[in-house]
Amino acid sequence: MTKAETLRRLLAQDICHVMPCCFDALSAKLIAQEGYDLTFMSGFAASASRIGAPDLGLMSYGEVVDQARNIADAIPIPLIADGDTGYGNAMNVRRTVAGFARAGCGAIMIEDQLAPKRCGHTPGKAVVGRQEAFDRIRAAADEREALRAQGGDILILARTDARHEHGLSEAIDRAAQFAELGADILFVEAPKTVEEMRQVCESLPGPKMANIVEGGETPDLPVDELRDIGFSIAAYPLSLMAAAMQAMVTSLRGMRQDQRPGQMDFKELRHRIGFDAYYETSEAYASSRRE
């Protein structure tokens, strides 16, 4: 079963999937080891991790797809990758979708922001006009069908940031058209109240994703409440990055006093990275054995 097929089966379940978001292969590996069914490569976190810069459209297509490939190679669960605006016009969107499918992603997110994009919960967002937004999703869906005809597959997660500039009604209208154009999952970014979240789910067909940014604009609701409202996925884009950064800063400050608080045991660290599995497999090859 392909990662895309696995993701379709997950989305057919009547639950809201908790989706911790990763930023590199190691964070994704930990998510899979802890039993989560899917993950998302957060553009915010990946930009911070890979280039040490904010999520303001600074990473190129090549950098992003390379990051996604490394993550997808490291995990058995479906990866949804952040394809931003598709990196150009409709033809660029098609190339982007194909590239992420080849990288092993189960789905790709394409959004309607004006390039260079902005993080969904930071100032300065703007969206393109309706026709360009619709062409992006139409192109993404067309490329998905072309891939399936050739034996490939990927799902399309269509995102709109129109709530910020034009209000919730415009965002819902855009998302509804995205569904008509063939999007598999819908994502209306940054609804500001529980009532707005409920309106999104009641107005739109198919699976919907909620984006829960701690300290962001969208209410941070329990996952059972998100399911009752109608969401199929609850994404947590910064939870691991924020925890990792805090742990590293705490450790760095502690070193000045010869303290190293909160460290994982070296044996468990090696196991989680894959040393034990490597040594076990390499035992089959005499030339690979070392004492």
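The coordinates are above.
Rules used throughout
Residues numbered from 1 in each chain as written. Predicted model: local features only at pLDDT ≥ 70, side-chain atom pairs only at ≥ 80, totals over all residues. Heavy atoms only, no water. Pairing = 2+ DSSP bridges. Helix = DSSP H or I, 4+ residues; strand = E, 2+ residues; numbered from the N terminus. Axes fitted to C-alpha atoms, helices over the stretch in contact; angles between N-to-C directions. Buried < 20%, exposed > 50% of the residue type's maximum accessible area, 1.4 Å probe, protein only. Arc of directions from axis to C-beta. Polar contact = N/O pair within 3.5 Å; in protein donor to acceptor, adjacent residues only side chain to side chain. Contact = heavy atoms within 4.5 Å.

**Q** Help me understand the sheet that holds strand E3 (residues 79–82) in this model?
**A** Note: strands within a sheet are paired through backbone hydrogen bonds, in either parallel or antiparallel orientation. Read from one edge to the other, the open sheet built from eight strands follows the order E6-E5-E4-E3-E2-E1-E8-E7, with strand pairing classed as parallel. The strands lining the two open edges of the sheet, one partner per strand, are strand E6 (185–188) and strand E7 (209–211). Within the sheet, the average angular offset between the axes of one strand and its neighbour, ignoring direction, is 25°. In terms of strand pairing, E7 meets strand E8 (residues 233–236) through three bridges, oriented parallel. What sits directly across from Ala210, in E8, is Ala234.

**Q** Mind showing me how you'd approach helix H2 (residues 25–33) here?
**A** Taken together, the buried positions of H2 are Ser27, Ala28, Ile31 and Ala32. All buried residues of H2 lie within an arc of 140° about the axis, which places them on one face of the element. Of the residues that open H2, the one with a side-chain oxygen 3.3 Å from the backbone nitrogen of Leu26 is Asp24. Count one or two residues on from H2 and you reach Gly35, which has phi positive near 90°.

**Q** Got a minute to help me understand the side chain of His17 in this structure?
**A** Here His17 lies in strand E1 (residues 17–22). Polar contacts involving the side chain of His17 include one to the main-chain carbonyl oxygen of Leu10, which spans 2.7 Å. Beyond its immediate stretch of four places on either side in the chain, His17 contacts Leu10, Leu11, Asp37, Leu38, Ser232, Ile233 and Ala234.

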